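Observations on the model geometry
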Amino acid sequence: MRILGIETSCDETAAAVVENGCVVRSNVIASSRERFADKGGVIPEEAARRQVECIMPVIEEALSVAGYTPSDINAIAVTKGPGLLGSLLVGTTSARVCSQLWGKPIIGVHHTLGHLSSIWLEAETDQPRFPALALTASGGHTELWLRLSHTRGTLLGRTRDDAAGEAFDKGAMLLGLSYPGGPSIAKAGETGDASAFTFPLPLKDDPSLDFSFSGLKTALRYILRDEPEASNRLNDVAASYERSLCAHLIDRVERAMAKHPEIVEVHLAGGVSANKTLRTMLQSRLPQGVQLRCPFKTAYCTDNAAMIAAAGYFLLQETPAITTMSFDAEASLSLEAAMTME
Ligand code: KG4
Ligand code: ZN
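Just so we're clear, the structure is a prediction, and the values are computed from it rather than from any experiment. Residue indices follow the written sequence of each chain, beginning from 1 at its first position. Both sets of labels track the order of writing: A upward for chains, 1 upward for ligands. Reporting in this predicted model follows two pLDDT cut-offs: at least 70 for local features of residues, and 80 or more for side-chain atom pairs to be given and counted; totals over whole chains, interfaces and linings ignore these cut-offs and use all residues. The basis for every side-chain value is the complete set of non-hydrogen atoms in the structure, without hydrogens or water.

A look at the site of ligand 1
Neighbouring residues are identified by heavy atoms, a residue being near a molecule or strand if any of them is within 4 Å of it. In the neighbourhood of ligand 1, 19 residues make up the surrounding shell, with G139, D169, G182, N275 and D303 lying closest. Backbone polar atom of G271 to an oxygen atom of ligand 1: 3.2 Å apart, as the coordinates give it. Contacts described as polar in this section are N or O atom pairs within 3.5 Å, which, within protein, must combine one atom able to donate a hydrogen with one able to accept it, while residues neighboring in sequence count only if both atoms come from side chains. Contact distances for ligand 1 include 3.1 Å between a nitrogen atom and a side-chain N or O atom of N275. Here the open area of atoms and residues is found with the Shrake-Rupley method and a 1.4 Å probe, where only the protein chains shown may cover a residue. Within the complex, the protein chains bury 92% of what would otherwise be the 540 Å² of accessible surface of ligand 1. For helices the rule is a DSSP run of H or I covering at least 4 residues; for strands it is a run of E covering at least 2, with both sets numbered from the N terminus onward. At the level of secondary structure, the elements contributing two or more residues to the shell around ligand 1 comprise α3 (111-117), α4 (164-175) and α5 (181-190). Here the nonpolar group is Ala, Val, Leu, Ile, Met, Phe, Trp, Tyr, Cys and Pro; Asp, Glu, Lys and Arg are the charged ones; every other residue, Gly included, is treated as polar. Tallied by class, residues from the shell around ligand 1 come to 6 nonpolar, 11 polar and 2 charged.

Let's talk about the packing of aromatic side chains
Aromatic rings from Phe, Tyr and Trp, with only the six-membered ring used for Trp, were paired whenever their centres fell within 6.5 Å, and each pair was classed as stacked if the ring planes differed by under 30 degrees, edge-to-face if by over 60, and tilted otherwise. On inspection of all chains with the given rule, the structure shows 5 aromatic pairs. Seen from their ring centres, F199 and Y241 are 5.7 Å apart, and the 55° between their planes marks the pair as tilted. Of this pair, F199 sits in the loop between α5 and α6 (214-226) while Y241 is found in helix α7 (residues 234-259), placing the two residues 42 residues apart along the sequence. Here F199 and Y241 have matching classes, each one buried. Exposure is judged per residue with a 1.4 Å probe applied to protein chains only, and the accessible area is read against the type maximum: over 50% gives exposed, under 20% gives buried, and values in between give partly exposed.

What to know about the sheet that holds strand β10 (residues 291-293)
Spatially, β8-β7-β6-β9-β10 is the arrangement adopted by the 5 strands of the open sheet, whose pairing is mixed. Looking at strand neighbours, the two that pair on one side only are β8 (153-158) and β10, the edges of this open sheet. Averaged over all pairs of adjacent strands, the angle between strand axes in this sheet comes to 20°, irrespective of strand direction. By this definition, two strands are paired if DSSP reports at least two bridges between them. In this sheet, β10 lies alongside strand β9 (residues 265-269) in parallel orientation, the contact comprising 3 bridges. The partner of E265 across the bridge, within β10, is Q291. Of the strands in this sheet, β9 and β10 are in contact with helix α8 (residues 276-285), which crosses β9 at around 170°. Orientation is described by lines fitted to C-alpha atoms, with helices fitted over the stretch in contact, and by angles between N-to-C directions that extend from 0 to 180 degrees. Only heavy atoms enter the contact rule, under which two residues are in contact if any of them lie within 4.5 Å.

A few points about helix α1 (residues 44-66)
Helix span, expected: 1.5 Å multiplied by one less than the number of residues in the helix. Compared with the 33 Å implied by 1.5 Å per residue over 23 residues, the 30 Å span of α1 between its first and last C-alpha is a close match. Of all bends in α1, the biggest is about 45°, found at C54, and the proline P57 comes one to four residues later. Looking only at α1, the buried set comprises A47, A48, Q51, C54, I55, V58, I59, A62, L63 and A66. Looking at the packing, one finds that the buried side of α1 touches β1 (2-7), β2 (12-19), β3 (23-31) and α2 (85-102). Once α1 finishes, G67 follows within two positions and takes phi at roughly 80°, a positive value. The bend reported for a residue corresponds to the angle between axes fitted to the seven residues ending at that residue and the seven starting there.

Thoughts on the nonpolar core
Only buried Ala, Val, Leu, Ile, Met, Phe, Trp, Tyr and Cys residues count toward a nonpolar core, and they belong to the same one when joined by side-chain atoms within 4.5 Å. L133, L144, V253 and V266 are the most contacted members of the largest nonpolar core, which has 44 residues in total. Elements with a contribution of two residues or more to this core: β6 (132-137), β7 (142-147), α4, α5, α6, α7, β9 and α8. Considering each element in turn, this core owes the most residues, 10 residues, to α7. If near-sequence neighbours (up to four positions away) are discounted, L144 is found in contact with L133, A134, L135, T154, L155, L156, G157, L209, F211, R252, V253 and A256. Counting residues in hydrophobic clusters, the runner-up holds 32 residues, among them L113, A310, L315 and M339.

Regarding the coordination of the zinc ion (ligand 2)
Atoms of type N, O and S within 2.8 Å of a metal are treated as its donors, and for Na, K and Ca the window is 3.2 Å; water is not considered, so some sites may appear to be missing partners. At this site the zinc ion (ligand 2) is bound by H111 (NE2), H115 (NE2) and D303 (OD), with donor distances of 2.0 to 2.1 Å. Of note, the zinc ion (ligand 2) draws all its donor residues from one chain, in the sequence arrangement H-x3-H-x187-D. One end of the pair, H111, is in helix α3; the other, D303, is in the loop between α9 (298-301) and α10 (306-318), with 192 residues separating them in the sequence. By the burial criterion, H111 is buried, and D303 matches it.

Let's talk about the sheet that holds strand β5 (residues 106-110)
Pairing is mixed across the open sheet formed by 5 strands, whose spatial order is β3-β2-β1-β4-β5. Unpaired on one side and paired on the other, β3 and β5 mark the two borders of the sheet. Taken over all neighbouring pairs, the strand axes of this sheet differ in orientation by 20° on average, direction set aside. Alignment of β1 against strand β4 (residues 75-81), held across 4 bridges, turns out to be parallel. In the sheet register, L4 faces β4, and the bridge partner there is I76. In the packing of α1 onto the sheet, the strands contacted are β1, β2 and β3, and the crossing angle to β2 comes to about 20°.

A short note on unusual backbone geometry
Trans peptide bonds make up most of the peptide bonds, and negative phi angles are found at most residues other than glycine. Of note, the amide linkage connecting G81 to P82 takes the cis form, showing an omega dihedral of -5°. Along the polypeptide, P82 turns up in the loop between β4 and α2. In the segment running from F130 into P131, the intervening peptide bond is cis, with an omega of 0°. Note on placement: P131 falls in the loop between α3 and β6. Despite not being glycine, N20 has its phi angle at roughly 50°, a positive value. Under the relative-accessibility criterion, N20 is labelled partly exposed at 37%. The residue L203 is not glycine, and still its phi comes out positive at about 50°. With respect to the helices and strands, L203 occurs in the loop between α5 and α6.

Quick look at the structure:
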C-alpha cells in the first residue's frame, strides 16, 4: 500500500511517499523557515504564498524520488488541521485536485496523529507496540496520550497555556537567539551549566497530567532582568531553562507511568522530540523493560509529510470507511474526538 502524504500546516511545503506505514520511499520538504529566523515566528500570509509556488513541484519531486508515477499510488493523505488556515488550504486543495485527476481516494489526517505515527517510520523490522504512552510536543501542541491502537486512545493531559516548543521559541526571543528556539537554545546550552540558575517545577502539586509552560517563561524573564550576572552567562541561562522545560515534560510522563502500569513503551514525538537533553533525561527515568521510542531521524520529529502518509495508512487499516468521509481544512481541530472512533 503506497500512500502519498502532503503536509502544509505551518511554514513548510512537504510531500512524501510511504509504503505500508513505515517504508519511506521519499520525503521532500521546502521550508521558508529561514525567512522567519529573525522575526521570532512565522508570518502566515508569506508562508502561504510560498506554499502555493512550491506545492506541485514538491509533490512531483516526492513521486520522482520514490520512482513512481501517480498510477502507482493507492491513496493520498493530507493534513486537514490544525494549523494556519491559508497554509492548510494549499495542501488540501492540491490533494483534492490530484485525487480527482488521478482517481485516487483521499484521507484527511489530523496533524498530531501524524506526529504520533512518526514513530513507525523506518521501524519495519522492529514495530512499536501498544499500549503506549505518547508524549507529543511541538510549537502548536503538547499532549500526553495513552494509545491502545492507532485510532483508539485517551488524552491524559495537555498544556493549559503555551506549547513546549512555543516555550523554547519565546525563551529564545528573550535570550536574543534565533527562531526556531529549540535548536538555538539547545546549541547555546551545550556549553552551559544547567544547574547555574534555578527554575520552578510547574504544576508540582497538581494531580492532573496537564502541562503549563508560561510560568517558566516568566521565570526566565525575571532571571534575565533581576540577576546581575545572567547577561554574561547566557549559555548557563539557556542550559538551565532547557533543563527546566525537559524536567516538566518528564515529571508528567513519570506520573502517567505510575498511573498506568500496563504501558509497555513510551513514544516521544513532535519537534521538541529532537531535543537530545530531553531524550537522555527521559531514557534515564524510565523503569526497566519500558522501551523509549523517538522518531528515527530529526527530519521525522519536525513537520514532514512522511508522518502524514504513515497516519493515513493506519487510518485506512483501522477505519476503511475513512476515504468516504468528507473533511475541511480547519485551523483548530481536536484529535480527541477522532481518536475514540472505531
Ligand atoms: O512539529 P514542529 O516542526 O511544528 C509544529 O507542529 O509546531 O515543531 C516545531 C517546534 C518549534 O517550536 C521548535 O522550537 C521545536 O519544535 N524544536 C525543538 C528542537 N527542534 C525543534 N525544541 C527543542 N529542541 C530541539 N532540538
Ligand atoms: Zn507539527
